[in-house]
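Reading the structure
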Amino acid sequence: ATHLFLNKNPVEGFSAGLIDDDDIYKWEVVIIGPQDTLFEGGFFKAYLTFPYDYPLRPPKMKFITEIWHPNVAKNGDVCISILHEPGEDKFGYEKPEERWLPIHTVETIMISVISMLADPNSDSPANVDAAKEWREDPNGEFKKKVARCVRKSQEMAFD
């Protein structure tokens, strides 16, 4: 059933597969930090958990590798529009077409997450501290913390 989710030609910058062949709802993905960003060279592992009524509702995504980013909560939960429940945003931040649509796949989610790494959105952050550092001093404390995450992710990847 995996072919329902993933194309034969994976997008550059990530790999994805089932955590356990018996459970098509739980995926493990590894995102390679995009070039020319602070995350370059990192290997960030995350879990995608699909709801039973996928594709009507979005999966949840959680980084297992530590990552310092305005749109990733400190517990690893990824907070981006494409993974938000479909329909109107009661806070008025997002247009319905920016939110989850049943046409989305593992690939479109990964493309969104890779572009999120390259270009954080600090307007509605999941990690307020990271957002503040990124806005006020992107080449200072923020850069240091990201570099530490990248190093740790490399050590974990090659353990």
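Residues numbered from 1 in each chain as written. Predicted model: local features only at pLDDT ≥ 70, side-chain atom pairs only at ≥ 80, totals over all residues. Heavy atoms only, no water.

The name given to the chain in an unreviewed UniProt entry is Ubiquitin-conjugating enzyme E2 G1, and the organism recorded there is Oryzias sinensis. The annotation that UniProt attaches to the chain under Catalytic activity (unreviewed entry) is "S-ubiquitinyl-[E1 ubiquitin-activating enzyme]-L-cysteine + [E2 ubiquitin-conjugating enzyme]-L-cysteine = [E1 ubiquitin-activating enzyme]-L-cysteine + S-ubiquitinyl-[E2 ubiquitin-conjugating enzyme]-L-cysteine." The chain has a UniProt comment under Sequence similarities (unreviewed entry) that states "Belongs to the ubiquitin-conjugating enzyme family." (UniProt positions renumbered as here; feature names shortened; annotations may be inferred.)

**Remarks on the pattern of salt bridges**
Should their charged atoms come close, side chains of opposite charge can pair. Applying the stated criterion across every chain yields a total of 12 salt bridges. A salt bridge links aspartate 129 to lysine 74, with the nearest nitrogen and oxygen atoms 2.5 Å apart. Of the two residues, aspartate 129 is situated in helix H2 (residues 128–136) and lysine 74 in the loop between strand S4 (60–63) and helix H1 (106–118); the sequence distance between them amounts to 55 residues. We classify lysine 74 as exposed; its relative accessible area is 56%. Residue arginine 99 pairs with glutamate 94 through a salt bridge whose shortest N-O separation is 2.7 Å. Residue arginine 99 shares its accessibility class with glutamate 94, and that shared class is buried. One salt-bridge network, held together by shared partners, links Asp53, Arg57 and Glu85. (Salt bridge = Lys/Arg side-chain N within 4 Å of Asp/Glu carboxyl O. Helix = DSSP H or I, 4+ residues; strand = E, 2+ residues; numbered from the N terminus. Buried < 20%, exposed > 50% of the residue type's maximum accessible area, 1.4 Å probe, protein only.)

**Notes on the sheet that holds strand S2 (residues 26–32)**
The strand order across the open sheet formed by 4 strands is S1-S2-S3-S4, and the pairing between neighbours is antiparallel. Two strands in the sheet have a free side with no partner beyond their single neighbour: strand S1 (14–18) and S4. Recorded for the sheet is a direction-independent mean angle of 25° between the axes of neighbouring strands. Where H1 meets the sheet, its contacts fall on S1, S2, strand S3 (43–49) and S4, and the angle it forms with S2 comes to roughly 40°. (Pairing = 2+ DSSP bridges. Axes fitted to C-alpha atoms, helices over the stretch in contact; angles between N-to-C directions. Contact = heavy atoms within 4.5 Å.)

**Quick notes on the packing of aromatic side chains**
As enumerated under the stated definition, the model contains 6 aromatic pairs in all. On the basis of an interplanar angle of 65° and a centroid distance of 6.2 Å, the ring pair of tryptophan 27 and phenylalanine 50 is categorised as edge-to-face. A residue pair is termed long-range when its members are at least 10 positions apart, and tryptophan 27 in strand S2 and phenylalanine 50 in the loop between S3 and S4 qualify at 23 residues. Comparing tryptophan 27 with phenylalanine 50, the two get one shared label, buried. Seen from their ring centres, phenylalanine 39 and phenylalanine 44 are 6.0 Å apart, and the 75° between their planes marks the pair as edge-to-face. (Phe/Tyr/Trp six-rings, centres within 6.5 Å; stacked < 30°, edge-to-face > 60°.)

**Details of the nonpolar core**
Counting 33 residues, the largest nonpolar core has Ile31, Leu48, Met61, Phe63, Ile109, Met110 and Val113 as its most contacted members. Taken together, the elements giving at least two residues each to this core come down to S1, S2, S3, S4, H1 and helix H3 (141–157). A per-element tally of this core places H1 first, with 7 residues. Among all residues touching phenylalanine 63, those that are not within four sequence positions of it are Ile31, Phe44, Lys45, Ala46, Val72, Asn75, Gly76, Val78 and Val113. (Core = buried A, V, L, I, M, F, W, Y, C linked by side-chain atoms within 4.5 Å.)

**Notes on the UniProt feature "active site" (unreviewed entry) in the chain**
Following the UniProt record, the feature "active site" (unreviewed entry) maps to Cys79 here. Checked against the element boundaries, cysteine 79 lands in the loop between S4 and H1. Apart from residues no more than four positions distant in its own chain, cysteine 79 is found in contact with Asn71, His84 and Ala126.

**Digging into H1**
With 13 residues, H1 extends 18 Å between its outermost C-alpha atoms, agreeing within 8% with the 18 Å of an ideal straight helix rising 1.5 Å per residue. Those residues of H1 lying buried are Val106, Glu107, Ile109, Met110, Val113, Ile114, Met116 and Leu117. Of the surrounding secondary structure, the elements contacted by the buried residues of H1 are S1, S2, S3 and S4. (Expected span 1.5 Å × (residues − 1).)

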